[in-house]
Amino acid sequence: MSKITFSIIKADVGGYPGHSRVHDDLMDVAEKELADSDVLEDHYVTHCGDDLELLMTHREGEDSEKIHSLAWDTFQEATEKAKELGLYGAGQDILSDAFSGNIRGMGPGIAEMEFTARKAEPVVAFLMDKTEPGAFNYPIFKMFADPFNTAGLVIDPSLHIGFRFEIWDIKKDKKIMMETPEEIYDMLALLGAKGRFVIKKVYPKEESKLPADEPVAAVSTEKLYQVAGEYVGKDDPVAVVRSQSGLPALGEVLEPFAHPYLVSGWMRGSHNGPIMPVAEKDSQCTRFDGPPRVMALGTQLKDGGFDQPADLFDDPAFDTVREESANVADYMRRHGPFEPHRLPLEEMEYTTLPSVMDELEDRFEEVED
Ligand code: 13P
Ligand code: 13P
Ligand code: MG
Ligand code: MG
């Protein structure tokens, strides 16, 4: 049985209106491009807020030129449509004019993993808007390493041995492999600093029943402002997670989102706010361009294909979380321009704030002790 690759590639190529959501015509353009392609096993097009999301299965492996150029061409076509419709920020995340074999570093976000599909293979695609790649540190850690979240870590012998995490230092372009449960304290020292250290992938350990070299979770780690060298938008991240039979159960994969934890990236990419788990129909960012949203689309792979994804947060079981998130949003908003609602100065260096500081520079006088 050949391996399957699940790829999510996404970009903001124009919002309607403002940065709130994607126009239906852009999704139609993307649907047509992917439907016409013969390299895909299957696909699903959707949006999270103003991000156009391409979910694809194929046999081409990770970093495939064919798949990346298909996504690139799709975003180019959608950008043309966005310009035609006068959408906001048409082509926002498309940072380069020429495709050179791989879409990484060109603006779009990518989460992809190649693996041998099991007889029954549940996969969940998580899509976020108005936040950054480090927003996945908290939920992915909880799914695969926190026994208070994942009961299987305690009571299922096949999970009891723990997992292997690939963690990237996105400021220094370095990575480290760490294992749970042995190293969780050291790991959390890194992962709590979510603007710098991000989980890229999770793997089974050597002694696991699952192949140790095939990922069980993958997260997009592209930081747009580091790619572009200037502030251009907010690298809203995506992730793909496999579940059940030696991995966290579906409900253990969703459970971290029962807490509306704080993430960075709300309004102008410059504010902290609570994440809100929402149904596909509610994935629009309205309140102060937020609050940051997360969607969960679940599928079972079959011969490389998949059926209409299940909209997993479209569920009254998450109503109280949404209410709590809205309450936390109110609380945070009352801080206006004050930290910790607004991000600290170091993280605002790609906004217009430095020019305010430059203009005031000459008016600062020494203070006599
Ligand atoms: P599996 O071991 O088949 O994943 O079952 C665990 C489960 O889903 C219980 O909730
Ligand atoms: P996006 O990164 O989703 O385009 O949002 C930009 C922003 O900061 C809106 O307030
Ligand atoms: Mg936008
Ligand atoms: Mg966005």
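Computed from a predicted structure; not experimentally measured. (Residues numbered from 1 in each chain as written. Chains lettered and ligands numbered in written order. Predicted model: local features only at pLDDT ≥ 70, side-chain atom pairs only at ≥ 80, totals over all residues. Heavy atoms only, no water.)

## Overview of the coordination of the magnesium ion (ligand 3)
Geometry reference: four tetrahedral donors at a metal, ideal angle 109.5 degrees. Six octahedral donors, ideal angles 90 or 180 degrees.
Then, in step 1: Every protein donor of the magnesium ion (ligand 3) is accounted for by Asp-12 (OD), His-19 (ND1) and Asp-50 (OD), and the metal-donor separations fall at 2.0 to 2.2 Å.
Then, in step 2: Here the magnesium ion (ligand 3) and the magnesium ion (ligand 4) are spaced 4.5 Å apart, and both take Asp-50 as a donor.
Then, in step 3: Take His-19: its relative accessible area is 26%, and that puts it in the partly exposed class. (Donors = N, O, S within 2.8 Å, 3.2 Å for Na, K, Ca; no water. Buried < 20%, exposed > 50% of the residue type's maximum accessible area, 1.4 Å probe, protein only.)

## Some details on the coordination of the magnesium ion (ligand 4)
Then, in step 1: At this site the magnesium ion (ligand 4) is bound by Asp-50 (OD), Asp-51 (OD), Asp-129 (OD) and Asp-236 (OD), with donor distances of 2.1 to 2.3 Å.
Then, in step 2: Here the donor residues of the magnesium ion (ligand 4) share one chain and are spaced in sequence as D-D-x77-D-x106-D.
Then, in step 3: Assessed through its relative accessible area of 1%, Asp-50 is described here as buried.
Then, in step 4: On the accessibility criterion, Asp-129 (0% relative accessible area) is buried.

## Topic: the packing of aromatic side chains
Then, in step 1: Per the stated rule, a full pass over the model turns up 10 aromatic pairs.
Then, in step 2: On the basis of an interplanar angle of 45° and a centroid distance of 6.4 Å, the ring pair of Phe-257 and Tyr-261 is categorised as tilted. A single burial state applies to Phe-257 and to Tyr-261, both of which are buried.
Then, in step 3: Site record: aromatic cluster; members linked through ring pairs are Phe-126, Phe-136, Tyr-138, Phe-257, Tyr-261, Phe-313 and Phe-318.
Then, in step 4: It is Lys-200 that lies over the ring of Trp-168; its NZ or CZ is 4.9 Å from the centre.
Then, in step 5: It is Arg-333 that lies over the ring of Phe-288; its NZ or CZ is 3.5 Å from the centre. (Phe/Tyr/Trp six-rings, centres within 6.5 Å; stacked < 30°, edge-to-face > 60°. Lys NZ or Arg CZ within 6 Å of the ring centre and 35° of its normal.)

## Considerations on the site of ligand 1
Then, in step 1: Residues in contact with ligand 1, as listed here, are Gln-244, Ser-245 and Ala-249.
Then, in step 2: Between ligand 1 and Gln-244 there is a distance of 2.5 Å, counted from an oxygen atom to a side-chain nitrogen or oxygen.
Then, in step 3: Contact distances for ligand 1 include 2.6 Å between an oxygen atom and a backbone N or O atom of Ser-245.
Then, in step 4: Contact with the protein chains removes 40% of the 310 Å² of surface that ligand 1 exposes when unbound. (Near = heavy atom within 4 Å. Polar contact = N/O pair within 3.5 Å; in protein donor to acceptor, adjacent residues only side chain to side chain. Areas by Shrake-Rupley, 256 points an atom, 1.4 Å probe, with all protein chains shown as cover.)

## A look at the side chain of Asp-51
Then, in step 1: If you trace the backbone, Asp-51 turns up in strand β3 (residues 51-58).
Then, in step 2: On the accessibility criterion, Asp-51 (0% relative accessible area) is buried.
Then, in step 3: In this structure Asp-51 touches Lys-10, Ala-11, Asp-12, Val-22, Thr-46, Asp-93, Met-128, Asp-129 and Asp-236, once residues within four positions along its chain are discounted. (Helix = DSSP H or I, 4+ residues; strand = E, 2+ residues; numbered from the N terminus. Contact = heavy atoms within 4.5 Å.)

## Quick look at the sheet that holds β3
Then, in step 1: Read across the open sheet, the 4 strands follow the order β2-β3-β1-β4; overall the sheet is antiparallel. The open sheet has two edge strands with one neighbour each: β2 (40-48) and β4 (109-115). In this sheet, adjacent strand axes meet at a mean angle of 10° when their direction is disregarded.
Then, in step 2: Sheet strands in contact with helix α1 (residues 24-36) are β2 and β3, and its direction is about 170° off that of β2.
Then, in step 3: Together, β1 (4-11), β2, β3 and β4 form the strand contacts of helix α2 (residues 65-85), whose direction differs from that of β3 by roughly 150°. (Pairing = 2+ DSSP bridges. Axes fitted to C-alpha atoms, helices over the stretch in contact; angles between N-to-C directions.)

## Here's the deal with α1
Then, in step 1: For α1, spanning 13 residues, the distance from its first C-alpha to its last is 18 Å, which sits close to the expected 18 Å at 1.5 Å a residue.
Then, in step 2: The set of residues buried in α1 consists of Leu-26, Met-27, Val-29, Ala-30 and Leu-34. All buried residues of α1 lie within an arc of 155° about the axis, which places them on one face of the element. Exposed residues lying more than 90 degrees from the buried face of α1 are Asp-28, Lys-32 and Asp-36.
Then, in step 3: Structurally, α1 contributes buried residues whose contacts are with β2, β3 and α2. (Expected span 1.5 Å × (residues − 1). Arc of directions from axis to C-beta.)

## A few points about the pattern of salt bridges
Then, in step 1: Per the counting criterion, the structure on display carries 22 salt bridges.
Then, in step 2: Taking the shortest distance from any N to any O, the salt bridge between Lys-205 and Glu-182 comes out at 2.9 Å. Remark: Glu-182 occurs in the loop between β7 (174-179) and α6 (184-191) and Lys-205 occurs in the loop between β8 (197-204) and β9 (217-219); sequence separation between them is 23 residues.
Then, in step 3: Residue Lys-205 is classed as buried on the basis of its relative accessible area of 2%.
Then, in step 4: Here Glu-182 falls in the exposed class, since its relative accessible area comes to 54%.
Then, in step 5: Bridged by salt links that share partners, the residues Asp-50, Asp-129 and Lys-130 form one connected network. (Salt bridge = Lys/Arg side-chain N within 4 Å of Asp/Glu carboxyl O.)

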